[in-house]
Amino acid sequence: MIKDPNRLQALVADIRSFVRERWHPLENQIDLEDDIPAAVVQELRDKGYFGWSIPQAYGGLGLSTEELVRCAFELSQASVALRARVGTNTGIGSEALVADGTEEQKQRWLPRMARGELTGCLALTEPDAGSEASNIHTSARREGEHYVLNGTKRFITNAPLADVFTVIARTADGSSGSDGLTAFLVERGAGLATGRPYRKMGQAGSPVSDIHFENCRVHAGQIIGGREGQGFKTVMKVLNKQRLHLAALCTGPAIRMLELAMEHVGRREQFGQPVASFQLVQAMIADSRTEIFAAQSMILEAARARDRGEEVALTASMCKYFASEMCGRVADRAVQMFGGSGYVADFSPIERYFRDVRLFRLYEGTSQIHQLNIAKLALREHGAA
Ligand SMILES: Cc1cc2nc3c(=O)[nH]c(=O)nc-3n(C[C@H](O)[C@H](O)[C@H](O)COP(=O)(O)OP(=O)(O)OC[C@H]3O[C@@H](n4cnc5c(N)ncnc54)[C@H](O)[C@@H]3O)c2cc1C
């Protein structure tokens, strides 16, 4: 649903020019320094990019799902660090509060998240809870008006720089699986410690680390929604929306890589003619362009369905699975079309993009977990399971 076509058109044009004129020239520097210049982060704040998905009542833009994915298609035509910097606030870092927070909690945190004054993150994964996301060992024991958190979270995007953490912890002693889990909004000052940012395969400029809780005291008023035991339901709401958002964020890099590859094969001559004139190269362009269109179409369709209030668990999972795998295939073809220059960072950005996008098939549900989920939901729909 497009709530306001003029606003959307202006926003998309603004993102497009920011990405092309401001961000692309900085990508290599950000990769080498593993950091985004503070002035650029401030520009993102000034432009309101941190508040896209936060309702207008709390200082955000309140974009519909369709508007959000259309903006994400544009924002992600850049190295992944850009969208990772704002993306936890426009996605997993704020969405639990948006979906299930009490009015008081929303008033307390969302306006500052929308302005980018606070950076959020979602801390679900643990050393023993990856694909088996409900195998949470972080505990939250009640002591009077507080809960005392102990445990370790692993692989948390933006943890090294986050101010507020949506943390899923086990409140019910002796519970297992998705029962007895509760979502807390924990502030950095509460006493948690974040580890050193990892050395990663790609996505330089997007810090990821462990989080350690050692007798970290959190007031009971910081249970998202105010009720114990609802944590897994809250996370599932966050992830259903986020899968569509992430699918769109997987599509932009594919658009960018194909664009770079087409420029290259148009320029590069072998055998006395542009490489683009060879039909075997054209097949790679055709397959990539077709798959990008397929991803865009299914994401828009699913986003509109979500805006109509329809159930999108199955379609969101299909979108994330298809778009992330599609992006990997496009990255591989782009390296191929660049030839040796696609493998050497000194000659093209494609080597970096190739490494950056590898993560898409791993986080927020690996491709295998999405295959299982899609099959389970499809069989259920068919009445066979
Ligand atoms: C850079 C980075 C950033 C991340 N950001 C966040 C974040 O912000 N917040 C957060 O909470 N988490 C985050 N994650 C965690 C991410 O979501 C998990 O890494 C992911 O869910 C996979 O879990 P795992 O790494 O433990 O892999 P595992 O679960 O150990 O999986 C290993 C392999 O086994 C396969 N496998 C597992 N179970 C099955 C099965 N039943 N059937 C078939 N195959 C199976 C998987 O598909 C995979 O191929 C991030 C991870 C990384 C690397």
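Look a little higher up for the structure.
What you see is a predicted model; the values in this text were computed from it and never measured.

Rules behind the numbers
Residues numbered from 1 in each chain as written. Predicted model: local features only at pLDDT ≥ 70, side-chain atom pairs only at ≥ 80, totals over all residues. Heavy atoms only, no water. Near = heavy atom within 4 Å. Polar contact = N/O pair within 3.5 Å; in protein donor to acceptor, adjacent residues only side chain to side chain. Helix = DSSP H or I, 4+ residues; strand = E, 2+ residues; numbered from the N terminus. Pairing = 2+ DSSP bridges. Axes fitted to C-alpha atoms, helices over the stretch in contact; angles between N-to-C directions. Parallel < 35°, antiparallel > 145°, perpendicular 65-115°, else oblique. Left-handed = near helix turned anticlockwise from the far one by under 90°. Contact = heavy atoms within 4.5 Å. Nonpolar A, V, L, I, M, F, W, Y, C, P; charged D, E, K, R; others polar. Salt bridge = Lys/Arg side-chain N within 4 Å of Asp/Glu carboxyl O. Buried < 20%, exposed > 50% of the residue type's maximum accessible area, 1.4 Å probe, protein only. Core = buried A, V, L, I, M, F, W, Y, C linked by side-chain atoms within 4.5 Å. Phe/Tyr/Trp six-rings, centres within 6.5 Å; stacked < 30°, edge-to-face > 60°.

### Section: the site of the ligand
At step 1: Of all residues adjacent to the ligand, which total 18 residues, the nearest are Thr125, Ser131, Phe155, Thr366 and Gln368.
At step 2: For the ligand, an oxygen atom lies 2.6 Å from a polar atom in the side chain of Ser131.
At step 3: At a separation of 3.4 Å, an oxygen atom of the ligand approaches a polar backbone atom of Glu364.
At step 4: At the level of secondary structure, the elements contributing two or more residues to the shell around the ligand comprise strand 3 (146–157) and helix 12 (367–381).

### Some words on the pairing of strand 2 (residues 139–143)
At step 1: Examined bridge by bridge, strand 2 and strand 3 share five bridges and lie antiparallel to one another. Bridge pairing in strand 3 links Arg141 to Val148.
At step 2: Between the antiparallel neighbours strand 2 and strand 3 lie two residues, among them Gly144 with a positive phi of about 65°.

### Considering the packing of helix 10 (residues 313–338) against helix 11 (residues 350–357)
At step 1: The interhelical angle for the contact between helix 10 and helix 11, taken along N-to-C directions, is 160°, at an axis separation of 9 Å. It follows that helix 10 is roughly antiparallel to helix 11 by the angle criterion. The two elements helix 10 and helix 11 cross, and the hand of that crossing is left-handed. Two secondary-structure elements touch here, helix 10 through Cys327, Ala331, Asp332, Ala334, Val335 and Phe338 and helix 11 through Ile350, Phe354 and Val357.
At step 2: Class assignment of the residues belonging to the contact of helix 10 with helix 11 gives a composition of eight nonpolar, no polar and one charged.

### Here we look at the pattern of salt bridges
Pairing of side chains with opposite charge becomes possible as their charged atoms draw close.
At step 1: Scanning the entire structure with this criterion turns up 21 salt bridges.
At step 2: The salt bridge partner of Arg141 is Glu143, with a shortest N-O separation of 2.8 Å.
At step 3: Among the residues examined, Glu143 registers a relative accessible area of 34% and is labelled partly exposed.
At step 4: Put simply, Glu143 and Arg217 hold a salt bridge, and the shortest N to O gap is 3.1 Å. Of this pair, Glu143 sits in strand 2 while Arg217 sits in strand 7 (residues 208–219); the two residues are 74 residues apart in sequence, bridging distant segments of the chain.
At step 5: When salt bridges that share partners are traced, they join Arg20, Arg256 and Glu259 into one network.

### A closer look at the nonpolar core
At step 1: In terms of nonpolar packing, the biggest core is built from 45 residues, with Met257, Ile299 and Met337 touching the most fellow members.
At step 2: Going through the elements one at a time, helix 4 (65–75), helix 8 (231–267), helix 9 (279–307), helix 10 and helix 11 are the ones with two or more residues in this core.
At step 3: Residue contacts for Ile299: discarding those within four places in its chain leaves Val69, Phe73, Leu244, Ala247, Ala248, Thr251, Cys319 and Ala323.

### Quick look at the packing of aromatic side chains
At step 1: Under the counting rule described, the total for this entry stands at six aromatic pairs.
At step 2: Ring centres 5.9 Å apart and planes at 75° place the aromatic pair Phe155 and Tyr198 in the edge-to-face group. Of this pair, Phe155 sits in strand 3 while Tyr198 sits in the loop between strand 6 (193–194) and strand 7; the two residues are 43 residues apart in sequence, bridging distant segments of the chain.
At step 3: Residue Tyr198 is classed as partly exposed on the basis of its relative accessible area, which comes to 25%.
At step 4: Taken together, the ring pairs in this structure connect Phe18, Tyr49 and Trp52 into an aromatic cluster.

### Here we look at the pairing of strand 5 (residues 181–187)
At step 1: Buried residues dominate strand 5, accounting for six of its seven residues.
At step 2: Relative to strand 5, strand 4 (residues 164–170) is paired through seven bridges, and the arrangement is antiparallel. From the neighbouring strand, Thr166 faces strand 5, where its bridge partner is Leu185.

The values are spatial; any link to function lies outside them.
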